[in-house]
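Given next are the chains, with one letter for each unit.
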Amino acid sequence: MTSNQLIFDELKRQYQGTSLEDKSLKLTHQFLQAFPENLSWRGSNKPDLSKDSGIKAIGDRFYMGRRTINLPHPSTKTDKAVSIVLTAGYDYLEGDVDEVLKNHQYAMIAENNVGNFLERYVASNVEPLGWAWCSGELVKATDFIAKNSGGWSLLQIKNRNNSENSSSSAIRSGTTIQKWYRSNSQTGNTRWDKFPDEVGCGQLSEEGFLEFTKETIRQFKNQILLA
């Protein structure tokens with residue numbers, strides 16, 4: 001057994017990883033060894049992926065990206081000027097504004113979290129097909145990778161066509177990263193039938209995604225109650 005295999009086995013035991021997760025981590029590691037410039041890592045101390053310590057560093061991020069679900073509560077103060085615009089411009093009653101603003105904050109948090117549940121849902125369907133979910137944001141501008149006879153396939157997914165930021169777009173420019181988004185922001189129409197994997201395309205659906213998201217949150221909240 002190689003030293004690398006020992007650290008992969010240790011990570012799998014530590015995080016109670018599945019065989020599929022272990023396989024995806026190894027594939028992510030293999031890709032990043034071949035293309036180290038694609039490693040997404042803040043700070044100057046990038047891990048050396050030829051060493052056990054480097055594998056441990058990316059493995060921790062890989063598994064924590066799967067084990068952690070973030071459902072925070074609003075922490076910012078509302079802007080008084082927004083209240084004035086709502087009452088003066090849109091005829092909201094002053095007594096309703098606080099509730100409206102609180103609901104808006106929760107809606108914004110929820111919208112920002114949809115992308116993570118989307119990645120989880122897609123992963124649950126396409127990882128058995130050979131794709132690896134690069135959880136933990138380990139690969140620049142890339143959410144999924146797959147290795148095939150022609151080399152590597154890279155895929156970036158977004159919730160809506162207007163949700164990509166400029167830095168992500170700039171990283172993808174000049175690369176072979178495919179892009180797919182779930183829904184059109186103008187029409188609301190979904191695009192599961194356009195998912196760039198022929199087999200995965202037949203397994204993904206809007207109904208499946210919504211049910212998956214609901215069930216994932218239910219399980220997460222139950223774990224908190226039992227902790």
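Quantities reported herein were computed from a predicted structural model and do not represent experimental measurements.

J.: So what's going on with the nonpolar core? Residues and values would help.
T.: Grouped together as the largest cluster of nonpolar side chains are 23 residues, with contacts concentrated most on Phe31, Leu32, Leu138 and Ile145. If we skip the residues at most four places from it in the chain, Phe31 touches Asn38, Val139, Ile145, Trp152 and Leu154. The next biggest cluster of nonpolar side chains, apart from the first, holds 20 residues, and it includes Leu118, Trp133, Phe209 and Phe220.

J.: Residue-level account of a nonpolar patch on the surface, with values.
T.: A contiguous nonpolar patch, built from Val85, Tyr90 and Tyr92 and spanning about 340 Å² of accessible area, is present on the exposed surface. Tracing the backbone shows Tyr92 in the loop between α4 (80-90) and α5 (94-126).

J.: Lay out the packing of aromatic side chains with the relevant residues and their values.
T.: Scanning the entire structure with this criterion turns up ten aromatic pairs. Centre to centre, the rings of Tyr121 and Trp192 are 5.5 Å apart; their planes meet at 90°, and the pair counts as edge-to-face. Taken together, the residues span a long stretch of sequence, with Tyr121 in helix α5 and Trp192 in the loop between β4 (178-183) and α7 (198-203) at a distance of 71 residues. Relative accessible area serves as the criterion here: at 5%, Tyr121 is assigned to the buried category. Under the relative-accessibility criterion, Trp192 is labelled buried at 5%. An aromatic cluster is built from Tyr121, Trp180, Trp192, Phe195, Phe209 and Phe212, whose rings are joined through pairwise contacts. Here the basic side chain of Arg191 rests over the ring of Tyr181, its NZ or CZ set 4.0 Å away from the ring centre.

J.: Break down helix α1 (residues 3-14) for me, with residues and values.
T.: The end-to-end C-alpha distance of α1 is 17 Å, a good match for the 16 Å that twelve residues give at a rise of 1.5 Å each. For α1, the full list of buried residues reads Ile7, Phe8, Asp9 and Leu11. Turning to α1, the residues buried within the fold contact α2 (19-34) and α3 (52-67). One or two steps after α1, the chain reaches Gln16, where phi turns positive at roughly 50°.

J.: Requested: an account of unusual backbone geometry, with residues and values cited.
T.: Despite not being glycine, Glu137 shows a phi value in the positive range, around 55°. The topology assignment puts Glu137 in the loop between β1 (132-133) and β2 (144-148). One non-glycine residue, Ala141, lies in positive phi territory at about 55°. Among the structural elements, Ala141 can be located in the loop between β1 and β2.

What counts, and at which threshold
- Counting restarts for each chain: residues are numbered from 1 in the order of the written sequence.
- This being a predicted model, a pLDDT of at least 70 is required before a residue's local features are given, and a value of 80 or more before pairs of side-chain atoms are given or counted; all residues contribute to the totals for chains, interfaces and linings.
- With hydrogens and water excluded, all non-hydrogen atoms of the structure serve as input to the side-chain values.
- Only buried Ala, Val, Leu, Ile, Met, Phe, Trp, Tyr and Cys residues count toward a nonpolar core, and they belong to the same one when joined by side-chain atoms within 4.5 Å.
- Exposed residues in this analysis have more than 50% of their type's maximum accessible area, buried residues have under 20%, and partly exposed residues fall in between, with area computed by a 1.4 Å probe over protein chains only.
- Any two residues having at least one pair of non-hydrogen atoms within 4.5 Å are treated as being in contact.
- Within this analysis, patches are made of residues with over 30% relative accessible area and no salt bridge. Like charges are joined at 9 Å or less; nonpolar side chains (Val, Leu, Ile, Met, Phe, Trp, Tyr) at 5 Å or less.
- For accessible areas, the Shrake-Rupley method is used with a probe of radius 1.4 Å. Any residue's cover is judged against the shown protein chains and nothing else.
- The term salt bridge refers to a pairing of a side-chain nitrogen on Lys or Arg with a carboxyl oxygen on Asp or Glu at a separation within 4 Å.
- By definition, any uninterrupted DSSP run of H or I lasting at least four residues is a helix, any uninterrupted run of E lasting at least two residues is a strand, and each is numbered from the N terminus.
- The criterion for an aromatic pair is that two Phe, Tyr or Trp rings (for Trp, the six-membered ring) have centres within 6.5 Å, with stacked assigned to planes under 30 degrees apart, edge-to-face to planes over 60 apart and tilted to the rest.
- The rule for a charge over a ring is simple: NZ of Lys or CZ of Arg within 6 Å of the ring centre, and within 35 degrees of the ring normal.
- Here, expected helix span is obtained from the residue count minus one, scaled by 1.5 Å.

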